[in-house]
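Remarks on the overall topology
Here's the letter readout for the chains.
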Amino acid sequence: MDKKTKIEILKNILAIESVNDNEAAVADYIASLFTDYPDIKIEKVPYAPNRDNLVITVGNSGPILGYSGHMDVVAPGNLADWSTPPFEPTIIDNRIFGRGATDMKGGLSALVIALLELLEKKAELPGRVRLLATVGEETGEYGAAQLTKLGYADNLAGLLIAEPTDNMQRIVYTARGVIDYKVTSKGKSAHSARPQYGINAIDNLIEFYKLAKTRLAKFTATDEVLGGVTHNITVINGGEQVNNIPSYAELLGNIRTIPQYPNKLFYAELEKIIAELNEQTNFNLAITYSFPEEAIPGSPDSPIIKIATQVHSKYWSQPAAITGSLGANDGAEFLQAKGSFNSIVIGPGSNTSHQSNEYVDVDSYLKAIDFYQDFALTFLSKQTANN
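Residues numbered from 1 in each chain as written. Predicted model: local features only at pLDDT ≥ 70, side-chain atom pairs only at ≥ 80, totals over all residues. Heavy atoms only, no water.

1. Here we look at the layout of surface pockets
Space inside the largest pocket adds up to approximately 670 Å³. Forming the boundary of the largest pocket are 29 residues, of which Asp-103, Glu-137, Ser-325, Gly-327 and Ala-328 lie nearest the centre. Its residues placed into classes, the lining of the largest pocket shows seven nonpolar, 13 polar and nine charged. Put simply, the second largest pocket is a space of about 260 Å³. (1 Å grid on protein atoms, 1.4 Å probe; cavity = no way out; pocket = protein on both sides within 12 Å on 5 of 7 lines; lining within 4 Å. Points joined across faces, edges and corners; volume = space filled by probe spheres on them. Nonpolar A, V, L, I, M, F, W, Y, C, P; charged D, E, K, R; others polar.)

Structure below.
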């Protein structure tokens, strides 16, 4: 495949407005690129209307290497902050600008083209490669959760996720987990001049706030790569008007976890606080969670890291840093599948994720395609030789 076509495929994917939705259009386009190849399996897995995951399996037998990327992007924000329209991909100074260029349609497109080129070359794969293109990563990894529950990640030999890692200069093997939670407080409205007739939902919520900040601070262990646990209250809403005792209030909290602490420890602590407060007079609190993810453990000495490092050295003179990620990714869900395998994250892209004027370097994108082809052949060859 020539350079122009590789860039055109990325631009076509960037032009699809899949802002936390509409991933089916991306899935349909990617699937259409594979229709000329009869010896592959294409499966669309609906999550919701206009939201299809896509699973493409290349190869007929042997160990399976998972390749993964998400098809959704975040909203472009204030359009006035963009130098070019976010969904009209534009090349300037060897950079492709557009929403999702870095996070992570650049990496996803590179995976897709790597598989297409392996098929074009009729390369003899010593196993299988399974592309897991997901919905909803930006808002909770629920596409990956769905594919995992349906068995698409069962017994993988390894998993590579093409999230951006400083233009392929980092290989990520561990990542923080995340717990997003919501606490609601129900009270009773009354005139603010006669507060004794009401129940102040905001006051009660503040009691939870203070206890949660204090008690979660006891999780003091640190990971040598990921650092410590973070806990922040990020949104508070409540009340009806200034001269009313508020009958309802809510807050949102965000916890970033590390492998040393399973998420269940935080659930237990938060729910204990809720139970204690609800035992008091006039408290009515409840807690819910939104798509929590466990932290991803890993080893910098695992076989998949060694193979990635070996292949990386063919294309870049500077060795890749072996490191962790402070953010969550789809690997947290896929690693819950049956079997035991390790995941890595390595992908093209700049430090412009979620920003205006997001871009990916053309050279990094093109080199990533070569890396993904080489990595698939090398990884599967070693897996076959070891079995």
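More follows now that the structure is in view.
2. A short note on the side chain of Glu-117
Tracing the sequence through the fold places Glu-117 in helix α3 (residues 101–120). By relative accessible area, which is 6% here, Glu-117 ends up buried. Looking at Glu-117, its side chain comes within polar contact range of the side chain of Lys-6, at 3.3 Å. Those residues in contact with Glu-117 that lie beyond four places of it in its chain are Met-1, Lys-6, Ile-369, Asp-370 and Gln-373. (Helix = DSSP H or I, 4+ residues; strand = E, 2+ residues; numbered from the N terminus. Buried < 20%, exposed > 50% of the residue type's maximum accessible area, 1.4 Å probe, protein only. Polar contact = N/O pair within 3.5 Å; in protein donor to acceptor, adjacent residues only side chain to side chain. Contact = heavy atoms within 4.5 Å.)

3. Describing the packing of helix α1 (residues 3–14) against α3
At a minimum axis distance of 9 Å, the contact between α1 and α3 shows a crossing angle of 135°. Classified by the interaxial angle, the pair formed by α1 and α3 is oblique. With respect to the hand of their crossing, α1 and α3 are arranged in right-handed fashion. Each of Lys-6, Ile-9, Leu-10, Ile-13 and Leu-14 in α1 lies in contact with α3, whose residues at this interface are Ala-101, Lys-105, Gly-106, Ser-109, Ile-113, Leu-116 and Glu-117. Here the contact of α1 with α3 is built from residues that sort into seven nonpolar, two polar and three charged. (Axes fitted to C-alpha atoms, helices over the stretch in contact; angles between N-to-C directions. Parallel < 35°, antiparallel > 145°, perpendicular 65-115°, else oblique. Left-handed = near helix turned anticlockwise from the far one by under 90°.)

4. As for the packing of α1 against helix α9 (residues 362–386)
For the pair α1 and α9, interaxial distance at closest approach is 11 Å and the crossing angle is 105°. With respect to their mutual orientation, α1 and α9 come out roughly perpendicular. In this structure, α1 contributes Lys-3, Lys-6, Ile-7 and Leu-10 to the contact, and α9 contributes Val-362, Tyr-365, Leu-366 and Ile-369. Residues belonging to the contact of α1 with α9 are distributed by class as follows: six nonpolar, no polar and two charged.

5. With respect to helix α6 (residues 263–278)
Compared with an ideal rise of 1.5 Å per residue, which puts 16 residues at 22 Å, α6 spans 23 Å between its outermost C-alpha atoms and is within 8% of the ideal. Residues of α6 that are buried include every one of Asn-263, Phe-266, Glu-269, Leu-270, Ile-273, Ile-274 and Leu-277, and no others. On an axial view of α6, the arc spanned by its buried residues comes to 135°, and they lie on one face. The inward-facing, buried residues of α6 contact β9 (177–186), α5 (201–216), β15 (248–257) and β16 (285–293). (Expected span 1.5 Å × (residues − 1). Arc of directions from axis to C-beta.)

6. Observations concerning the environment of Gly-140
Relative to the elements of secondary structure, Gly-140 occurs in the loop between β6 (128–134) and α4 (142–149). When the C-alpha positions of Gly-140 and Pro-46 are compared, they lie 16 Å apart, and in sequence the two are 94 residues distant. The contacts of Gly-140, once residues within four sequence positions are left out, are Phe-291 and Glu-293.

7. A closer look at the nonpolar core
Membership of the largest hydrophobic core comes to 63 residues, with the highest contact counts inside it found for Tyr-67, Tyr-372 and Phe-375. Considering each element in turn, this core owes the most residues, twelve residues, to α3. Other than its neighbours up to four places away in sequence, Tyr-67 contacts Leu-111, Leu-115, Val-129, Arg-130, Leu-131, Leu-132, Leu-159, Leu-160, Tyr-372, Phe-375 and Ala-376. Judged by nonpolar contacts, the second largest core, of 24 residues, contains Val-183, Ala-212, Tyr-261 and Leu-277. (Core = buried A, V, L, I, M, F, W, Y, C linked by side-chain atoms within 4.5 Å.)

8. Here we look at the sheet that holds strand β4 (residues 90–92)
With antiparallel pairing, the three strands of this open sheet are ordered in space as β4-β5-β19. At either end of the open sheet lies a strand with only one pairing partner, and these are β4 and β19 (359–361). The average undirected angle you get between the axes of adjacent strands in this sheet is 25°. Both β4 and strand β5 (residues 95–97) contribute to a ladder of three bridges, which runs antiparallel. Residue pairing in the sheet places Ile-91 in a bridge with Ile-96 of β5. Running at roughly 65° to β19, α9 makes contact with β5 and β19 of the sheet. (Pairing = 2+ DSSP bridges.)

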